[in-house]
Structure formats: C-alpha cells, structure tokens
Amino acid sequence: QVQLVESGGGLVQAGGSLRLSCAASGRTFSSLVMGWFRQAPGKEREFVSAISKTSGSTKYADSVRGRFTISRDNAKNTLYLQMKSLKPEDTAVYYCAADRRYLSLSKLADQYDYWGQGTQVTVSS
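Before going into details, it helps to say that this report is about the structure given with it. (Residues numbered from 1 in each chain as written. Predicted model: local features only at pLDDT ≥ 70, side-chain atom pairs only at ≥ 80, totals over all residues. Heavy atoms only, no water.)

This brings us to the overall build of the chain. Along its length, the chain carries zero helices and eleven strands. From first element to last, N terminus to C terminus, the chain shows the α and β order β-β-β-β-β-β-β-β-β-β-β. The 125 residues of the chain split such that 45% are buried. Within the chain, counting contacts between residues at least 6 apart in sequence, those at least 24 apart form 59% of the total. Element-wise, carbon and sulfur atoms account for 46% of the exposed surface of the chain, whose accessible area totals about 6,200 Å². With 16 positive and 10 negative side-chain charges, the chain shows a separation of 5 Å between the mean positions of the two kinds. (Helix = DSSP H or I, 4+ residues; strand = E, 2+ residues; numbered from the N terminus. Buried < 20%, exposed > 50% of the residue type's maximum accessible area, 1.4 Å probe, protein only. Contact = heavy atoms within 4.5 Å. Areas by Shrake-Rupley, 256 points an atom, 1.4 Å probe, with all protein chains shown as cover. Lys, Arg positive; Asp, Glu negative; His and termini not counted. Charge placed at Lys NZ, Arg CZ, Asp CG, Glu CD.)

All told, the structure shown has one disulfide when counted by the stated rule. Two residues, Cys 22 and Cys 96, share a disulfide whose sulfurs are 2.0 Å apart. Measuring handedness by torsion sign, the sulfur bridge of Cys 22 and Cys 96 sits at about 50° and is right-handed. Of this pair, Cys 22 sits in strand E3 (residues 18–25) while Cys 96 sits in strand E9 (residues 92–99); the two residues are 74 residues apart in sequence, bridging distant segments of the chain. (Disulfide = S-S within 2.5 Å.)

All told, the structure shown has five salt bridges when counted by the stated rule. Across the salt bridge formed by Arg 38 and Asp 90, the nearest N and O atoms sit 2.9 Å from each other. Here Arg 38 is found in strand E4 (residues 33–39), whereas its partner Asp 90 is found in the loop between strand E8 (78–83) and E9, with 52 residues between them in sequence. Exposure remark for Asp 90: the relative accessible area of 1% places this residue in the buried category. Each of the salt bridges in this network shares a partner with another, and the network as a whole consists of Arg 38, Glu 46, Arg 67 and Asp 90. (Salt bridge = Lys/Arg side-chain N within 4 Å of Asp/Glu carboxyl O.)

Glancing now at the environment of Leu 32. If you trace the backbone, Leu 32 turns up in the loop between E3 and E4. C-alpha of Leu 32 to C-alpha of Asp 113: the two residues are 81 residues apart in sequence and 9.9 Å apart in space. In this structure, Leu 32 is in contact with Val 2, Arg 27, Lys 53, Arg 72, Ala 98, Asp 99 and Arg 100, ignoring residues within four places of it in sequence.

Here it is in structure tokens:
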C-alpha cells in the first residue's frame, strides 16, 4: 500500500508560479513510476506529467510542456511539479499518482494504482 499526500496548491494570478509536492509513504518510493493528473470542474481527469523511477525519463501533456517541470527526490520520498506561466485554464484539482507495475510512463489513469486526495490550483485572470 502507498499513501500519497499532495500540498502546495493555492490561488495565483495568471503568469504566476506554484510548486506542488507529493509526499509518499508505505512502499519504496524509488520502485514507483509517478505521475501528475488534474481535473477541472465538469471535465474528465487528464494527464499532466509523469516521471520514471530514477528520473531518467519524463513525459508531459502538450498543454503544459515548456511551462511545467516534474521532478522527484527519492531520498525524500517526494514528487514535485513546478508550474510556471500559469493560465486560467490550468485551474483544477491536481492529483499525484503512483504506478507499481509498469516501467513505461503512461498517460492513462487506469495504469496508476495509488492516488492522493488532490490539491486545488486556481489561476485568476
């Protein structure tokens, strides 16, 4: 079992920055592929970014590439999402997720086994 707790969300003006964190416990963090997803009101959950177990590979949604950076610190059991140049359309609840089964970086929520409770990000125009 893996427990994930996100933090760092909040209200920010368009063009601003936020850094999300996801603290993991319960399983060796370095054995997990990690990802970020988001869900806006009335919309389906969508993929944001993913990172391999040793940070050697990353993947981003087209909508955030160049503005968001995913990273992890295996010594601290923590996943990060640095968000810059935020836009109102980035407003959503952001979730971190962990995949214990696969090596590939999937954009599919079904591949991820564990989820955090989410943190709200609101970008005002």
